[in-house]
There are 4 protein chains.
Amino acid sequence: MKVTAEICVIPLGVGLSVSRYIAACQPILEAWHLKPQLHAYGTNVEGEWDDVFAAFKECHQTIHDLGAPRVHTTIKVGSRTDRPQTNDDKIAAVRGSSE
Amino acid sequence: MKVTAEICVIPLGVGLSVSRYIAACQPILEAWHLKPQLHAYGTNVEGEWDDVFAAFKECHQTIHDLGAPRVHTTIKVGSRTDRPQTNDDKIAAVRGSSE
Amino acid sequence: MKVTAEICVIPLGVGLSVSRYIAACQPILEAWHLKPQLHAYGTNVEGEWDDVFAAFKECHQTIHDLGAPRVHTTIKVGSRTDRPQTNDDKIAAVRGSSE
Amino acid sequence: MKVTAEICVIPLGVGLSVSRYIAACQPILEAWHLKPQLHAYGTNVEGEWDDVFAAFKECHQTIHDLGAPRVHTTIKVGSRTDRPQTNDDKIAAVRGSSE
């Protein structure tokens, strides 16, 4: 099952600066070939469900490994069976409708 | 890795009534022994990461199988390494702090 | 516009125990007569859009006032124009479909 | 209270293509001067809490006005009192930590 997804990880118990934890996830998402698109409220990815969630587990676990005793992760995931759709397709469709 | 989590599934392309799709997820979450707690904006569960996400994949796939050509799922997942905490523990902690 | 909604507040920079912050939101939601239903991943409410979001602002601000220098809040909000639907209606519809 | 936020709107009961509904929100977010950044799982904005949520209400209502009898909106909103932080600052901090 091909999906697009968004992950947003929040470490707790490590103070206010969370950027280095989020940064640690980017190479994981790259290594799984999920075409990560970082934005200000998460990172969007795409790929097979199993790859996406294996990568998300690795991200979540990595935040613990970096010292965060509590991790809160929010995920959106979508799929459609009528036709393929990438993250770039989704953005292009909105931009196309705006014209 | 023990986690607590929330899943909220939204089928698209099947009209306004989504309750039968959500209902179809409940026995899946039960079958995985995730102690599901249904509420008005999702279902909370707890268990091992791998079990939780195997069940969530099954839920998402089941919505497609029931006829929804597009499915949008949102997930929250949390874990802590300092001490175990169940969904009931979380609710009790808030109620305890209110007194 | 009548809505149902879910709020989940996360204070950052105050350590691991977040229950007293969440507890502080409950009387606010009560005071706005939003029929709060606490669960393990947030609190569900219902009411007019303006009341719901006035209360959510008060909750978010209160977390700061209690000492959290950073607050992350996630919200789900839904409305329908075909017929009224409360949070209890939503749960009953799922339970009814399960039988 | 200055905030950064993400909005993701989902119309129900209007079929599979949701891009024109999302497109209708972009000029609203622009008109409120919220510096919208469209991505594949929502649109990020920044501004005063009251402006952000006035715009979000207008977006949600507009989806109904365009014919969707049911609308599901998810929002993330964050603020910090220790120092100002824009959406661009957040992205730069992650990219800076990756080097």
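Residues numbered from 1 in each chain as written. Chains lettered and ligands numbered in written order. Predicted model: local features only at pLDDT ≥ 70, side-chain atom pairs only at ≥ 80, totals over all residues. Heavy atoms only, no water.

**Overview of the interface of chain A and chain B**
Step number 1: Residue-level contacts link 26 residues of chain A with 26 residues of chain B.
Step number 2: The junction of chain A with chain B conceals about 2,200 Å² of combined surface from both sides, 56% of it contributed by carbon and sulfur atoms.
Step number 3: Sorting the residues of chain A by area buried against chain B places A:W49, A:K57 and A:R70 first, and these three jointly supply 23% of that buried surface.
Step number 4: Our enumeration of links across chain A and chain B arrives at two salt bridges.
Step number 5: Counting the contacts that link chain A with chain B gives 15 residue pairs in polar contact (both at pLDDT 80 or more).
Step number 6: Among the elements of the structure, α2 (49-65) and β4 (70-80) of chain A are those that each provide at least two residues to the side of chain A that touches chain B.
Step number 7: Looking at the side of chain A that touches chain B, the element that brings in the most residues is β4(A), giving 11 residues.
Step number 8: For the side of chain A that touches chain B, the residue count by class is nine nonpolar, 10 polar and seven charged.
Step number 9: Both β4(A) and strand β4 (residues 70-80) of chain B contribute to a ladder of 11 bridges, which runs antiparallel. Residue pairing for β4(B): A:R70 is matched across the bridge by B:R80. (Contact = heavy atoms within 4.5 Å. Buried area = accessible area lost by both parts, 1.4 Å probe. Salt bridge = Lys/Arg side-chain N within 4 Å of Asp/Glu carboxyl O. Polar contact = N/O pair within 3.5 Å; in protein donor to acceptor, adjacent residues only side chain to side chain. Helix = DSSP H or I, 4+ residues; strand = E, 2+ residues; numbered from the N terminus. Nonpolar A, V, L, I, M, F, W, Y, C, P; charged D, E, K, R; others polar. Pairing = 2+ DSSP bridges.)

**Here's the deal with the pattern of salt bridges**
Step number 1: For the coordinates displayed, the defined rule picks out 20 salt bridges over all chains.
Step number 2: Across the salt bridge formed by D:E6 and A:K76, the nearest N and O atoms sit 2.8 Å from each other. One end of the pair, D:E6, is in strand β1 (residues 2-12); the other, A:K76, is in strand β4, on a second chain.
Step number 3: On the accessibility criterion, D:E6 (1% relative accessible area) is buried.
Step number 4: Between D:K35 and D:E46 there is a salt bridge, with its nearest N and O atoms 4.0 Å apart. In this pair, D:K35 sits in the loop between α1 (19-31) and β2 (37-39) while D:E46 sits in strand β3 (residues 42-48), placing the two residues 11 residues apart along the sequence.
Step number 5: By relative accessible area, D:K35 is classed as exposed at 56%.
Step number 6: Here the residues in one salt-bridge network are A:E6, A:K76, D:E6 and D:K76, joined through shared partners. (Buried < 20%, exposed > 50% of the residue type's maximum accessible area, 1.4 Å probe, protein only.)

**Quick notes on the sheet that holds strand β4 (residues 70-80) of chain D**
Step number 1: The antiparallel open sheet is built from eight strands, whose spatial order is β2(C)-β3(C)-β1(C)-β4(C)-β4(D)-β1(D)-β3(D)-β2(D). Two strands lie at the open edges of the sheet, namely β2 (37-39) of chain C together with β2 of chain D, each paired on one side alone. Ignoring which end each strand starts from, the neighbouring axes of this sheet average 20 degrees apart.
Step number 2: Two elements, β1(D) and β4(D), share nine bridges in a ladder whose sense is antiparallel. Following the sheet pairing, D:I10 is matched in β4(D) by D:H72.
Step number 3: Strand contacts of helix α1 (residues 19-31) of chain C: β1 (2-12), β2 and β3 (42-48) of chain C, with the helix running at about 150 degrees to β1(C), the strand carrying the most contacts.
Step number 4: The sheet contacts of α1(D) involve β1, β2 and β3 of chain D, and relative to β1(D) the element is tilted by about 150 degrees. (Axes fitted to C-alpha atoms, helices over the stretch in contact; angles between N-to-C directions.)

**Comments concerning the interface of chain D and chain A**
Step number 1: Counting from both sides, the interface comprises 29 residues of chain D and, opposite them, 29 residues of chain A.
Step number 2: Put simply, chain D and chain A have two salt bridges between them.
Step number 3: Put simply, chain D and chain A have 15 residue pairs in polar contact (both at pLDDT 80 or more) between them.
Step number 4: Of all elements in the fold, only β1, α1, β2, β4 and α3 (87-98) of chain D reach the threshold of two or more residues within the side of chain D that touches chain A.
Step number 5: If you tally residues by element for the side of chain D that touches chain A, the top one is α3(D), at eight residues.
Step number 6: Per-class residue counts for the side of chain D that touches chain A are 12 nonpolar, 10 polar and seven charged.

**Digging into the relation of the copies chain A and chain B**
Step number 1: Least-squares fitting of chain A to chain B yields an RMSD of 0.0 Å, with the transformation described by 0.0 Å of translation along the axis and a rotation of 180 degrees. The two molecules are tied by a two-fold rotation axis, judged by turn and shift. The C-alpha atom lying nearest the rotation axis in chain A is that of A:I75; the distance is 2.5 Å.
Step number 2: A symmetric contact is evident, with 100% of the interface residues of chain A recurring at the interface of chain B. (Least-squares fit on C-alpha atoms with pLDDT ≥ 70 in both.)

**Notes on the side chain of B:N87**
Step number 1: Along the chain, the position of B:N87 falls in helix α3 (residues 87-98).
Step number 2: When its relative accessible area of 0% is taken as the criterion, B:N87 is described as buried.
Step number 3: There is a polar contact of 2.9 Å between the side chain of B:N87 and the backbone oxygen of B:V45.
Step number 4: Not counting the four nearest positions on each side in its chain, B:N87 is found in contact with B:T4, B:Q37, B:N44, B:V45, B:E46, C:A40 and C:Y41.

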